[in-house]
Amino acid sequence: MEPQGKKPGEGDGDRVTAQLLKAHTGEFALDSILLLKLRGLGLVDLGCLGECLGLEWLDLSGNALTHLGPLAALRQLAVLNVSHNRLTGLEPLAACESLQSLNAAGNLLAGPGQLQCLVGLRGLENLRLRDPLARLSNPLCSSPSYRAMVRELLPGLKVVDGERVAGCGSELYQLCRDLDSCLRPSPSPSPGPQDTEAQPWVEPGYWESWPVRSSSILEEACRQFQATLQECWDLDRQADDSLLQAEQVLSPAGAPSSFVF
C-alpha cells in the first residue's frame, strides 16, 4: 500500500523520474510534454527533466532545488517559475535561448553576478526576483540600486517584479514610484528646524455664511414692477367697463334677440 498523500509514480519523492513525469502529464513520450507543473513536491533533484526537449512552460516553485543543471537542455522553454527554492545561481538557464519569462523570487541570489548568465537571452522580457505579495525575495533585492542594476544588466526587459519598466504603461509605474519616494519618511532626518504645525489653507471665517445684504437697486426694481403690474390691472378693468357699456348701447332693453320673417 502506498504512503498516504502520494500519487502513483512519486515513490522517489525528491527526484524527478520518468514515471513521475508520465503520471503528472499522461504522456508516454517525455519529449512530447509541452506544459509541466511540479509545484510544492519537495523536489531536490531534477533527474531526467532534461529529456523533455519540447517543454515550453515549466513550474518548479515551492521545492527545495539548489541547482538547475538539467534545464540547460530545454531549448524550447519559454516560461519558467523556480520561485521559493534554494537556488544560489541560474547558470544553466544561459542555454535556454527561447526563455521569455522567469520567476526566481524567494531564492538565495546574492548579487548581480548571479544574473550575468541571463545577458545572452535576447527574448527575455519578464523577470521577477521579488514578490511582495507572496513575501518572496532574494538577498540582492535589498540593495538600493537593485532595480537600476537589473535594468542596466538586462536592458531588454519590459517587466521587472511585475512592474512595466519599458513600453506602454511604464510611465505610470514610474510616476507611482516617484510618489512613493516623496511620501516615504526619511530614515535618518538631518538636524534642522523642526516641522511647524499645519496651517489652515484659508483665513478664519472664510467658510462662515454672511448675512444677506439689501440692495437699493433690487428694491427699486421690485417697486417699479409692482407699479407696472397695478397699471395693467387698472387698464384691464377699464377695458371690461368700456366693453360692457358698448354692449348696452348696441343692444337696448326690450329689443328682440331674433327676427321672424
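As the structure is a computational prediction, the values presented were derived from the model and not from experiment.

Here we look at the environment of S83
For S83, the position within the fold is in the loop between strand 3 (79–81) and strand 4 (101–103). Looking at S83, the relative accessible area reads 7%, which means it is buried. Here the alpha-carbon distance between S83 and L129, two residues 46 residues apart in the chain, equals 8.3 Å. Discounting residues that sit within four places of it in the chain, S83 has contacts with L60, S61, G62, N103, A104, A105, N107 and L136. At a separation of 2.8 Å, a polar atom in the side chain of S83 contacts the side chain of N81.

Quick word on the state of the cysteines
Per the counting criterion, the structure on display carries zero disulfides. Lacking any disulfide linkage, C48 is separated from the closest cysteine sulfur, that of C52, by 6.5 Å. Judged by relative accessible area, C48 falls into the buried class, the value being 14%.

Re unusual backbone geometry
The phi torsion of most residues other than glycine is negative, and most of the peptide bonds are trans. A positive phi is found at R135, a non-glycine position, where the angle reads about 60 degrees. You can see R135 is positioned in the loop between strand 5 (126–128) and helix 2 (146–153). Although it is not a glycine, D161 adopts a positive phi angle of roughly 55 degrees. Checked against the element boundaries, D161 lands in the loop between strand 6 (159–160) and strand 7 (163–164).

Rules used throughout
Residues numbered from 1 in each chain as written. Predicted model: local features only at pLDDT ≥ 70, side-chain atom pairs only at ≥ 80, totals over all residues. Heavy atoms only, no water. Helix = DSSP H or I, 4+ residues; strand = E, 2+ residues; numbered from the N terminus. Buried < 20%, exposed > 50% of the residue type's maximum accessible area, 1.4 Å probe, protein only. Contact = heavy atoms within 4.5 Å. Polar contact = N/O pair within 3.5 Å; in protein donor to acceptor, adjacent residues only side chain to side chain. Disulfide = S-S within 2.5 Å.

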